[in-house]
Amino acid sequence: MSQSASADPRSRFAADSHEDIDRLCIDTIRTLAIDAVQKAQSGHAGTPMGIAPVAYTLWQEFLRYDPADPLWANRDRFVLSAGHACMLLYALLHLAEVRRVDGQSVADRPAVSLDDIKNFRQLDSVTPGHPEYGHTTGVEATTGPLGQGCGNAVGMAIASRFLGAHYNRPRFTLFDYDVYTICSDGDLMEGVASEAASLAGHLGLGNLCWIYDSNTVTIEGHTRLTFSEDVESRFKGYRWNVLRVRDANDTAAFAEALKIFRRVKDRPTLIIVNSIIGYGAPHKQNTAAAHSEPLGEEEARLTKRFYGWPEDAQFLVPDGVYNQFRQNIGRRGRALRDDWEELFAAYRREFPQAAREIEQLLSGALPEHWDARLPAFPADDKGIATRDASGKVLNAIAEHVPWLIGGAGDLAPSTKTNFTFDGAGQLEPNQPGGRDMHFGIREHAMGAVVNGLVLSNLRAFGATFLTFSDYMRPPIRLAALMKLPVFHVFTHDSIGLGEDGPTHQPIEQLVALRAIPNLIVLRPADANEVREAYRVIFGLTDEPACLVLSRQKLPVFDRTRHAPAAGLARGAYVMADNADGTPQVILIASGSEVQLCIAARERLAQKDIAARVVSMPSWELFERQDEYYRNDVLPPHIEARVAVEMGSVIGWDRYAGCHGAIIGMHSFGASAPIKDLLQKFGFVADKVVAAAESQIAKRSTSRTSRQ
């Protein structure tokens with residue numbers, strides 16, 4: 001490839017040599033980006049114009065990827081963390097003729113057609129304004145907010161080494177894929193990227209390469225406004241191998257940097273590439289105007305003139321460009337995949353059990369009888385914290401799902417998420433096959449890394465205190481957007497955690513999580529509901545879940561007196577009722593507050609007041625039930641209702657009714673022993689009883705006045 005892929009304008013439009021065809025391909029990427037953004041009157045062409053030579057070199061010479069099979073398990077992963085530059089990726093997918101995936105099948109049609117590029121950023125197009133996993137084949141992760149793709153890539157690199165440690169055998173290297181990420185100045189400013197880089201350096205991820213497009217321009221202007229640190233020194237401090245390419249157009253220098261990356265096995269690599277945003281645009285290159293707006297018709301023509309391109313051509317792919325991609329990434333990728341398929345066929349004959357496991361995990365299935373040994377918890381008034389019950393259930397599952405991996409943000413002793421069974425192992429720099437991860441105090445990166453693990457076909461989770469879910473909201477939201485079966489274990493779920501006080505006592509976090517579309521939030525009332533929550537979680541294939549658990553002990557309900565905990569799967573169920581099923585008042589709660597409703601029901605019964613108790617661990621699951629079931633649990637004609645939850649009251653009026661009582665939190669908590677806190681904020685059975693009696697009295701008064 002040429003020493004300078006497009007250093008000077010060309011006076012002719014031809015491809016008479018290898019250097020010419022490489023330049024032609026690079027400028028095709030650039031002009032497709034220019035034309036797509038110009039037609040949409042929206043988007044970002046500047047970064048594709050600057051970094052196109054780098055991406056082209058990576059794909060054509062190094063990336064182990066078969067465009068004919070984007071699902072190939074040992075493909076290298078290419079993550080565009082600088083998601084605003086998505087036209088770079090769409091152009092590559094189109095020119096490499098990547099095939100579209102429908103479900104688990106590869107179709108005989110393009111992932112991104114030329115018409116799709118012409119419909120950039122239009123409704124229902126497969127070329128949205130930022131890359132979306134599952135929407136556009138070839139997009140390995142949804143990377144809208146900057147820094148998220150960096151964290152995803154760390155998860156993918158961990159997964160590659162994990163799979164290799166578990167399934168590679170002498171003479172059978174099935175998993176050794178590398179992970180490449182193009183990141184921007186903005187990515188490296190975001191804290192999540194710093195957290196992820198720190199973890200990657202600690203783990204010595206030699207299969208991870210971040211390509212830093214240092215074009216020194218953001219929306220507000222030159223990065224000197226905000227970003228003056230020495231990135232090279234920072235990453236060396238993270239224990240990364242750091243390389244520099246002084247000019248993005250110097251494809252030979254970049255290729256040499258990639259060769260060095262492949263030789264360095266004990267640490268991740270950062271390649272700092274100096275580029276010019278909007279390269280070739282005579283009035284807008286190296287300015288904020290090239291960052292997030294069309295060039296304009298006249299500037300686009302002048303830029304094409306600089307490239308030696310027909311100035312009025314639109315969406316032009318010259319002769320020879322498709323063939324150049326076929327002869328490089330196409331032919332190389334197909335040969336690599338064929339070799340892998342042949343290797344896996346031999347592996348299947350020699351290691352049939354391991355091969356079956358690989359096929360199961362790649363398909364998203366679970367082993368047979370994965371839940372055969374889930375613990376059942378006997379009735380116990382003294383009870384067990386739901387976090388402790390979770391630890392027992394999680395370990396029982398992990399023993400039977402070998403590709404379940406996860407850990408906590410330095411809180412495993414508190415979240416009870418450490419694996420304790422023989423052979424689990426700690427995932428450490430020299431033990432890539434460990435099941436028990438240590439994310440350190442890096443909650444934001446933990447969420448992004450877990451997404452990357454699940455994008456790599458593992459089942460994975462992170463864990464921390466519920467109040468710290470605020471640090472993780474962006475990756476949780478992206479997991480929901482990507483429809484990933486990620487799950488997170490959040491403990492210390494209320495003011496019930498006690499003395500740590502209001503900084504650690506969650507108030508608004510439950511309603512914030514419930515507000516995220518496509519996310520299942522589960523707050524079980526006792527140990528057996530925890531067990532059933534895990535059945536729900538592992539049955540999910542295209543939704544993330546958050547399991548919300550108590551620090552304090554909760555009674556284990558006697559299920560011979562109360563409804564089976566399996567009702568959790570429907571989101572809400574009648575846990576206790578009077579014999580004829582005609583209550584005067586309905587008491588509704590989640591989690592630890594269910595016990596208050598049970599206690600209140602017993603006191604109301606002593607006053608000849610019939611109360612129904614509804615355990616509602618998941619709003620989302622309940623809303624999916626048919627109207628008949630929902631009305632059976634919460635009969636519309638019974639308007640006397642009390643909802644109880646130690647969190648924000650927002651949303652509970654949906655179930656309590658417009659005139660129902662809601663006992664919740666209207667302020668932050670306080671630092672004190674739990675008994676004092678519950679009394680201070682009104683989470684006692686007496687208050688539930690009083691609210692129930694008030695509800696009945698109001699309905700009685702209302703009926704009398706109407707008569």
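Scroll up to find the structure this text is about.
Anyway, here's the lowdown on the structure attached to this text. (Residues numbered from 1 in each chain as written. Predicted model: local features only at pLDDT ≥ 70, side-chain atom pairs only at ≥ 80, totals over all residues. Heavy atoms only, no water.)

Side note on the overall build of the protein
A tally of helices and strands in the protein yields 24 helices and 22 strands. Counting only C-alpha atoms and orienting by the principal axes, one finds that the protein spans roughly 95 × 60 × 45 Å. Here the analysis covers contacts within the protein between residues at least 6 apart in sequence; of these, 75% occur between residues at least 24 apart. Entry remark: accessible area of the protein is about 27000 Å², with carbon and sulfur atoms responsible for 48%. (Helix = DSSP H or I, 4+ residues; strand = E, 2+ residues; numbered from the N terminus. Contact = heavy atoms within 4.5 Å. Areas by Shrake-Rupley, 256 points an atom, 1.4 Å probe, with all protein chains shown as cover.)

What to know about helix H15 (residues 443-455)
In this model, H15 (13 residues) spans 18 Å end to end at C-alpha, consistent with the 18 Å of a helix rising 1.5 Å per residue. Asparagine 457 occupies a position one or two residues after H15 and carries a positive phi of about 80 degrees. (Expected span 1.5 Å × (residues − 1).)

Side note on the packing of helix H5 (residues 148-167) against helix H7 (residues 191-203)
Between H5 and H7, whose axes approach to 7 Å, the crossing angle comes to 20 degrees. One finds that H5 runs roughly parallel with respect to H7. Our pair here, H5 against H7, has a crossing hand that is left-handed. Together, Gln148, Cys150, Gly151, Val154, Ile158 and Arg161 of H5 and Val192, Ala193, Ala196, Ala200 and Leu203 of H7 make up the contact between the two elements. Among the residues forming the contact of H5 with H7, the class breakdown is eight nonpolar, two polar and one charged. (Axes fitted to C-alpha atoms, helices over the stretch in contact; angles between N-to-C directions. Parallel < 35°, antiparallel > 145°, perpendicular 65-115°, else oblique. Left-handed = near helix turned anticlockwise from the far one by under 90°. Nonpolar A, V, L, I, M, F, W, Y, C, P; charged D, E, K, R; others polar.)

What about the sheet that holds strand S22 (residues 661-665)?
Backbone hydrogen bonds hold the strands of a sheet together, and the pairing may be parallel or antiparallel. In spatial order, the strands read S18-S20-S19-S21-S22; together these five strands make up an open sheet with mixed pairing. If you trace the sheet from one side to the other, it starts and ends with strand S18 (573-576) and S22, each paired once. Strand-to-strand twist in this sheet, taken as the mean axis angle between neighbours without regard to direction, amounts to 25 degrees. Examined bridge by bridge, strand S21 (residues 641-648) and S22 share four bridges and lie parallel to one another. Across the sheet, alanine 643 pairs through a bridge with isoleucine 662, a residue of S22. (Pairing = 2+ DSSP bridges.)

Here we look at the sheet that holds strand S11 (residues 404-408)
The six strands are arranged S12-S11-S13-S14-S16-S15 in an open sheet whose pairing can be described as parallel. Since the sheet does not close on itself, it has two edges, and those belong to strand S12 (436-438) and strand S15 (520-522), each with one partner. Across the sheet, the mean angle from the axis of one strand to that of its neighbour is 20 degrees, orientation sign disregarded. Sheet topology places strand S13 (residues 459-465) next to strand S14 (residues 487-491); five bridges connect them, and they run parallel.

Here we look at the environment of aspartate 388
Note that aspartate 388 resides in helix H13 (residues 386-398). Taking the relative accessible area as the measure of exposure, aspartate 388 reaches 27% and is therefore partly exposed. Here the alpha-carbon distance between aspartate 388 and glutamine 552, two residues 164 residues apart in the chain, equals 9.5 Å. (Buried < 20%, exposed > 50% of the residue type's maximum accessible area, 1.4 Å probe, protein only.)

Side note on the packing of aromatic side chains
Applying the stated criterion across every chain, the model contains 31 aromatic pairs. Ring geometry for tyrosine 180 and phenylalanine 261: centres 5.5 Å apart, planes at 70 degrees, overall edge-to-face. With a gap of 81 residues between them, tyrosine 180 in strand S4 (residues 179-184) and phenylalanine 261 in helix H9 (residues 251-263) connect regions that are remote in the sequence. Across this residue pair, the class does not change: tyrosine 180 and phenylalanine 261 are buried. Lying over the aromatic face of tyrosine 177, arginine 77 brings its terminal NZ or CZ to 4.0 Å of the ring centre. Cation over ring: lysine 680 sits above phenylalanine 681, and NZ or CZ is 5.5 Å from the ring centre. (Phe/Tyr/Trp six-rings, centres within 6.5 Å; stacked < 30°, edge-to-face > 60°. Lys NZ or Arg CZ within 6 Å of the ring centre and 35° of its normal.)

A look at unusual backbone geometry
Positive phi, close to 80 degrees, is recorded for asparagine 457, a residue that is not glycine. With phi around 55 degrees, histidine 492 is a residue other than glycine that occupies positive phi space. Turning to its location among the elements, histidine 492 is positioned in the loop between S14 and helix H17 (509-514).

So, the pattern of salt bridges
Taken as a whole, this structure holds 40 salt bridges when the rule is applied. Among the salt bridges present, the one from aspartate 69 reaches arginine 337, with a minimum N-O distance of 3.7 Å. Placement of aspartate 69 in the loop between helix H2 (46-62) and strand S1 (77-80) and of arginine 337 in helix H11 (residues 321-350) is noted, with a sequence separation of 268 residues between them. With respect to burial, aspartate 69 and arginine 337 carry one shared label: buried. Ionic pairing is found between lysine 607 and glutamate 693, a salt bridge with its closest N-O pair at 2.9 Å. Residue lysine 607 is found in the loop between helix H19 (594-606) and strand S20 (611-615), and its partner glutamate 693 is found in helix H24 (residues 685-706); the two are separated by 86 residues along the sequence. Under the relative-accessibility criterion, glutamate 693 is labelled partly exposed at 29%. Residues joined by salt bridges that share partners form a network here, namely Asp493, Arg514, Arg523, Glu593 and Glu645. (Salt bridge = Lys/Arg side-chain N within 4 Å of Asp/Glu carboxyl O.)

A short note on the nonpolar core
Generally speaking, a soluble globular protein has its nonpolar side chains buried in company with each other. Ranked by size, the top nonpolar core spans 118 residues in total, and within it Leu208, Trp210, Phe235, Trp240, Leu404, Phe487 and Tyr534 carry the most contacts. Residues in contact with leucine 208, not counting those within four places in the same chain, are Ala153, Val154, Ala157, Val179, Ala200, Trp240, Phe261, Pro268 and Thr269. (Core = buried A, V, L, I, M, F, W, Y, C linked by side-chain atoms within 4.5 Å.)

What to know about helix H12 (residues 352-363)
Over its 12 residues, H12 extends 16 Å from the first C-alpha to the last, a length consistent with the 16 Å expected when each residue adds 1.5 Å. All buried positions along H12 are accounted for by Ala354, Ala355, Glu357, Ile358 and Leu361. Angular distribution of buried residues about the axis of H12 spans 155 degrees; they occupy a single face of the element. Buried-residue contacts for H12 involve H5 and H11. (Arc of directions from axis to C-beta.)

Focus on the side chain of threonine 415
If you trace the backbone, threonine 415 turns up in helix H14 (residues 412-415). Judged by relative accessible area, threonine 415 falls into the buried class, the value being 0%.

Details of the pairing of strand S16 (residues 545-548)
Along S16, one buried face is formed by Ala545 and Leu547 and the opposite face, lined by Cys546 and Val548, is buried too. Looking at chain direction, S14 and S16 are connected through four bridges and run parallel. Across the sheet, histidine 488 pairs through a bridge with cysteine 546, a residue of S16. Pairing of S15 with S16 involves three bridges; the strand directions are parallel. Of the residues in S16, the one forming a bridge with isoleucine 520 is alanine 545.

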